[in-house]
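Okay, here's what each chain looks like letter by letter:
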Amino acid sequence: QVQLVESGGGLVQPGGSLRLSCAASGIFFSMSTMGWYRQAPGKQRELVASITTAGNTNYADSVKGRFTISRDNAKNTVDLQMNSLRPEDTTVYYCNAKEQSGWASITNYWGQGTQVTVSS
């Protein structure tokens, strides 16, 4: 079965740091674009950061310079290092995998999420 398990969330003061981790199983990890998304109350789920099979990264403007996404194909994990956290970063963060299986065939998978709370 496919499983994406997030960890590393918690409570941190403004300006602090957290490192989120996503462990993937049951997917062709090396053929998957991995990403982190978040969804605040009353808003659509938004892409925070993504990393392709080639290692190319993409970040939301609001997190550029503060967050760093990385992947380890040997461990089937993707991490999100979050520095200089702000109260506006408070929400649930979700791990996402876009698995390429054949030409023009992509399947999306989602983790259950991990809570990040930034508050003084």
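Coordinates for the structure precede this section.
Calculation criteria
Residue numbering note: each chain is counted from 1, following its sequence as written. Side-chain atom pairs in this predicted model are given and counted only at pLDDT of 80 or more, local residue features only at pLDDT of at least 70, and totals for whole chains, interfaces and linings cover all residues. Water and hydrogen atoms play no part in the side-chain values, which are based on all heavy atoms of the structure. Here, any two strands with at least 2 DSSP bridges between them count as paired. The way it works is that DSSP assigns letters per residue, a run of H or I at least four long becomes a helix, a run of E at least two long becomes a strand, and they are numbered from the N terminus. The convention used is that axes are lines fitted to C-alpha atoms, helices contributing only their stretch in contact, and that angles between N-to-C directions extend from 0 to 180 degrees. Disulfides are defined as pairs of cysteine sulfur atoms found within 2.5 Å of each other. Exposure classes here rest on a 1.4 Å probe applied to the protein chains alone. A residue is buried below 20% of its type maximum, exposed above 50%, and partly exposed in between.

Engineer: So what exactly am I meant to see when it comes to the sheet that holds strand β7 (residues 67-72) here?
Structural biologist: Paired through their backbone hydrogen bonds, the strands of a sheet run either parallel or antiparallel. An order of β1-β3-β8-β7 is seen for the four strands of this open sheet, with the pairing classed as antiparallel. For this open sheet the edge positions go to β1 (3-7) and β7, each flanked by a neighbour on one side alone. The mean inter-strand angle of the sheet, taken between neighbouring strand axes irrespective of direction, is 15°. Strand direction decides the pairing type here: strand β3 (residues 18-25) and strand β8 (residues 77-82), joined by six bridges, are antiparallel. Residue A23 lies in a different strand from β8, and its bridge partner there is T77.

Engineer: How should the state of the cysteines be read in this particular structure?
Structural biologist: Every disulfide links exactly two cysteines, by a covalent bond between their sulfur atoms. Under the criterion given, the structure shown has one disulfide. Here C22 is linked by a disulfide to C95, with a sulfur-sulfur distance of 2.1 Å. Disulfide C22-C95: torsion about the S-S bond near -80°, hence left-handed. Taken as a pair, C22 in strand β3 and C95 in strand β9 (residues 91-100) lie far apart in primary sequence, 73 residues in all. On the basis of relative accessible area, C22 is assigned to the buried category, the value being 0%. Under the relative-accessibility criterion, C95 is labelled buried at 0%.

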